[in-house]
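# A closer look at the structure
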Amino acid sequence: MTVEALTHDEDTAGEAQATESPEATEPATPAASSSDSAEPAPASEEKPAEEAPKPKRGRPKAAASTAKKTRTVELTLTVTGTADGEWQAELKNGSKWVAKGLEIPAAAVSRAARELHEDLSAPIDEVINQAREAQAAKVAQLEAELEAAKAALADLDV
């Protein structure tokens, strides 16, 4: 069945209902009601028009679809980080590894998480900030050791 046939059927059904509607809405007179009880045929005549098959919703199944089916691809991206702020990424396509152990800068991880979703970026930024604070403390400790080593060297240069 084509779209034109469906549209034509709907138009025809609409016209049939429109012509029958005024008769159904007219109040029945006592004479008409007695003739209706004697002749049940007019009521049965209205039924076939109302029982006309309604066109089914959606695309007709008889027509072959030329559209390609959408194929889903399963990609798994795993990003791992350490307390020292070192980040790595691994990418898997189904069960096959595409990339493994790629080093990624923490700033790139933070930007990517922010682009994906706010719920992802907040915990990742928290981990990155903790790593930044740990590294800052390590730098301060090393600077203190460097100053002590410089002072010891100056004492030896008498």
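Residues numbered from 1 in each chain as written. Predicted model: local features only at pLDDT ≥ 70, side-chain atom pairs only at ≥ 80, totals over all residues. Heavy atoms only, no water.

## A look at the side chain of Ser-121
Looking at the secondary structure, you find Ser-121 in helix H5 (residues 118–156). Among residues more than four places away in sequence, those in contact with Ser-121 are Ala-113 and Arg-114. (Helix = DSSP H or I, 4+ residues; strand = E, 2+ residues; numbered from the N terminus. Contact = heavy atoms within 4.5 Å.)

## Looking at the pairing of strand S2 (residues 87–93)
Pairing analysis gives seven bridges linking strand S1 (residues 75–81) to S2, with the strands arranged antiparallel. From the neighbouring strand, Thr-80 faces S2, where its bridge partner is Gln-88. Adjacent in sequence and paired antiparallel, S1 and S2 are bridged by five residues, among which Gly-85 carries a positive phi angle near 90°. (Pairing = 2+ DSSP bridges.)

## Notes on the side chain of Ser-110
Checked against the element boundaries, Ser-110 lands in helix H4 (residues 106–116). A polar contact of 2.6 Å, which involves the side chain of Ser-110, links it to the side chain of Asp-125. Apart from the residues within four sequence positions on either side, Ser-110 is in contact with Asp-125 and Ile-128. (Polar contact = N/O pair within 3.5 Å; in protein donor to acceptor, adjacent residues only side chain to side chain.)

## What about the packing of H4 against H5?
To characterise two packed helices, one gives the angle between the axes of the helices and the distance between these axes. Direction vectors running N to C along H4 and H5 enclose 160°, while the axes themselves pass 8 Å from each other. As the angle between them shows, H4 and H5 are arranged roughly antiparallel. With respect to the hand of their crossing, H4 and H5 are arranged in left-handed fashion. Across the interface between the two elements, Ala-106, Val-109, Ser-110, Ala-113, Arg-114 and Leu-116 of H4 pack against Leu-120, Ser-121, Ile-124, Asp-125 and Ile-128 of H5. (Axes fitted to C-alpha atoms, helices over the stretch in contact; angles between N-to-C directions. Parallel < 35°, antiparallel > 145°, perpendicular 65-115°, else oblique. Left-handed = near helix turned anticlockwise from the far one by under 90°.)

## Regarding the sheet that holds S1
Across the sheet, which stays open at both edges, the three strands sit in the order S1-S2-S3 with antiparallel pairing between neighbours. Whereas interior strands pair on both sides, the edge strands pair on one side only; in this sheet they are S1 and strand S3 (96–104). For this sheet, the mean inter-axis angle between neighbouring strands, taken without regard to orientation, is 15°.

## Details of H4
Regarding H4, the residues found buried are Val-109, Ser-110 and Ala-113. Buried residues of H4, seen end-on, are gathered within an arc of 100° and therefore sit on one face of the element. (Buried < 20%, exposed > 50% of the residue type's maximum accessible area, 1.4 Å probe, protein only. Arc of directions from axis to C-beta.)

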